[in-house]
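# Chains, contacts and geometry: an overview
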Amino acid sequence: MPLEDGDPARWRGQQVNGEVSSTARLRGMGDPSLWGTTAPGGSRTEVMAEGGEPGPALSDGDVTPGGAPQQEGQHEEALMTELSELVQKVVKSSSWWEQHGVDISILACSFLLLPAGFLCLRSAQAIPFLVGVLTLGVVHHTLTVKGSHLASHYALTESKSWGKVWAIFFIELCSAFTVEQATYNHVKIHHGYTNVIGLGDSSTWKLPFLNRYVYMFIAPLAVPILTPLVALDLLRNVEWKAALRTLCCMFLGFYCHYWLLLHVSGFQSPWSALLCMLLIRSLLAHPYIHVNIFQHIGLPMFAADRKPKRIHLMSLGVLNLPRNALLDWSFGHSLISCHVEHHLFPSLSDNMCLKIKPIVSQYLKQKKLPYNEDTYTSRLQLFLQRYEELMVHAPPLTELVGVQ
């Protein structure tokens, strides 16, 4: 449903000491105001909101910015409905290859590269050995990040039964995490309450006792060790059958990797095999950590009882990074250049998120809704400059004020 020209809500930014200060102001209906957080420095934040409202339902306490009347809330819900219809037309006209085949082929190619990677590690020469490490590192992250992410959203297949099988395989066997906790924390909480303080605000990624350089450049090397330790701790929250299944899958995944390094790659000692395993599994740990914080932290945050509705919540609180061949392959489009699209339509595969990207971006910009984009380098500089503010202190709330 088109918005009336007389009722826009635009982000007005001005340069202040090299940073962009922006305020979202809603006009009409008693002139309520929505005060936003500082926009990401240097980012292309074409923000505005015609009406104001996002986010999957948290409770009946959801409000539209400024406490707008119910009619305005219905108007904003119509925006999400209209966008969903446009996207659904694209999905229905897409083949199985576009919806699932492309991403399944990428995962299958990764499996096919495993023998070459392990055999390259047999070489005593530096270049073939490094090729083996790079190959296995990329394959590992493709399976554990892209595969697990798609499996957690059941985006690999239309079958629920096979979806469960793939979730166990990619999340537990490959990634050493438990399916139940992974899907709950990521799908139910992070996606359900994106940038809602205390729920989906990405605070689990914060380690305030570390300084900026340790966190950004050294700590990621510990991800392969910390991930299974966190998973073991979370097993207390699942049924014993699920916990036993997870333990078996985790052990099988680690042991298979270790056995292949000893018997195929020819490592002579357990410690050298374990060290190589750590190197492989931490190869892309830095961008993995960076991507998870770059795309949400530093954007508007909301209180649980004062959040806007879905289309605004997702467009305000999510950011796209530019396309990158390595990260697109290893992490998937939905985690890199199509993160906004992924949060709006989380059940779509990476390839479909890429296909609907022009439609979503054009629609949001046409309706003067937020569509956040920034470069990897710009976000890295932002987090290094404002690490204390973004990663140590509590984030400022985007409060809804001016309620009549």
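Conventions used here
- Residues numbered from 1 in each chain as written.
- Predicted model: local features only at pLDDT ≥ 70, side-chain atom pairs only at ≥ 80, totals over all residues.
- Heavy atoms only, no water.
- Core = buried A, V, L, I, M, F, W, Y, C linked by side-chain atoms within 4.5 Å.
- Buried < 20%, exposed > 50% of the residue type's maximum accessible area, 1.4 Å probe, protein only.
- Helix = DSSP H or I, 4+ residues; strand = E, 2+ residues; numbered from the N terminus.
- Contact = heavy atoms within 4.5 Å.
- Phe/Tyr/Trp six-rings, centres within 6.5 Å; stacked < 30°, edge-to-face > 60°.
- Polar contact = N/O pair within 3.5 Å; in protein donor to acceptor, adjacent residues only side chain to side chain.
- Patch = residues over 30% accessible without salt bridge, like charges linked within 9 Å, V, L, I, M, F, W, Y side chains within 5 Å.
- Areas by Shrake-Rupley, 256 points an atom, 1.4 Å probe, with all protein chains shown as cover.
- Salt bridge = Lys/Arg side-chain N within 4 Å of Asp/Glu carboxyl O.
- Expected span 1.5 Å × (residues − 1).

### Here's the deal with the nonpolar core
Within the largest apolar cluster, 22 residues are counted, with the highest numbers of intra-cluster contacts made by Ile311, Leu344, Phe345, Val360 and Leu364. When contributions to this core are tallied by element, the ones reaching two or more residues are α1 (70-92), α11 (310-317), α13 (339-344) and α14 (350-366). Among all residues touching Phe345, those that are not within four sequence positions of it are Met80, Leu83, Ser84, Val87, Arg310, Ile356 and Val360. The next biggest cluster of nonpolar side chains, apart from the first, holds 20 residues, and it includes Leu107, Phe170, Phe177 and Ala231.

### What to know about the packing of aromatic side chains
Working definition: an aromatic ring pair is given by the centre-to-centre distance plus the angle between the planes. One pass over the full model with this rule turns up 12 aromatic pairs. Between Trp166 and Phe170, the ring centres sit 5.8 Å apart and the planes meet at 35°, which makes this aromatic pair tilted. Here the residue Trp166 and the residue Phe170 both occupy positions in helix α4 (residues 160-174), the gap between them amounting to 4 residues, near one helical turn. We classify Trp166 as partly exposed; its relative accessible area is 32%. Between Phe251 and Tyr255, the aromatic rings sit 5.8 Å apart at their centres with planes inclined by 15°, giving stacked as the arrangement. One end of the pair, Phe251, and the other, Tyr255, are both in helix α8 (residues 240-263), 4 residues apart, so they sit about a helical turn from each other. Taken together, the ring pairs connect Phe111, Trp162, Trp166, Phe169 and Phe170 into an aromatic cluster.

### Digging into helix α10 (residues 285-294)
Counted residue by residue, α10 has 7 buried out of 10 residues, so it is predominantly covered. Taken together, the buried positions of α10 are Ala285, Pro287, Ile289, His290, Val291, Ile293 and Phe294.

### Section: the side chain of Ser334
Tracing the sequence through the fold places Ser334 in the loop between α12 (325-330) and α13. Reaching out from Ser334, the side chain makes a polar contact with the side chain of His149 at a distance of 3.4 Å. Only 2.4 Å separates the side chain of Ser334 from the side chain of Asp350, close enough to count as a polar contact. Every residue in contact with Ser334, bar those within four places of it in the chain, is listed here: His149, His339, His342, Asp350 and Cys353.

### A word on a nonpolar patch on the surface
Nonpolar side chains collect at one region of the surface, where Ile225, Leu226, Leu229, Val230, Leu232 and Leu247 lie side by side and expose about 510 Å² of accessible area between them. Considering every element that reaches the nonpolar patch, the biggest residue donor is helix α7 (residues 223-234), with 5 residues. As for its position among the elements, Leu229 is in helix α7.

### Describing the environment of Lys307
As for its position among the elements, Lys307 is in the loop between α10 and α11. Of the residues examined, Lys307 reaches a relative accessible area of 0% and is grouped as buried. Separated by 110 residues in the primary sequence, Lys307 and Ile197 place their C-alpha atoms 9.7 Å from one another.

### Here's the deal with unusual backbone geometry
The phi torsion at Ser202 lies on the positive side, around 65°, for a residue other than glycine. When you line up the elements, Ser202 lands in the loop between α5 (179-191) and α6 (212-218). With a relative accessible area of 7%, Ser202 lands in the buried category. Phi at Lys368 takes a positive value of approximately 60°, unusual for a residue other than glycine. Within the fold, Lys368 resides in the loop between α14 and β7 (372-373). For Lys368, a relative accessible area of 29% corresponds to the partly exposed category.

### Topic: α8
Side chains three or four residues apart in an α-helix point the same way, a direct result of the helix having 3.6 residues per turn. For α8, spanning 24 residues, the distance from its first C-alpha to its last is 34 Å, which sits close to the expected 34 Å at 1.5 Å a residue. Turning to α8, its buried residues are Ala242, Ala243, Thr246, Cys249, Met250, Gly253, His257 and Leu261. Buried residues belonging to α8 abut α2 (96-120), α4, α5, α7 and α9 (270-281).

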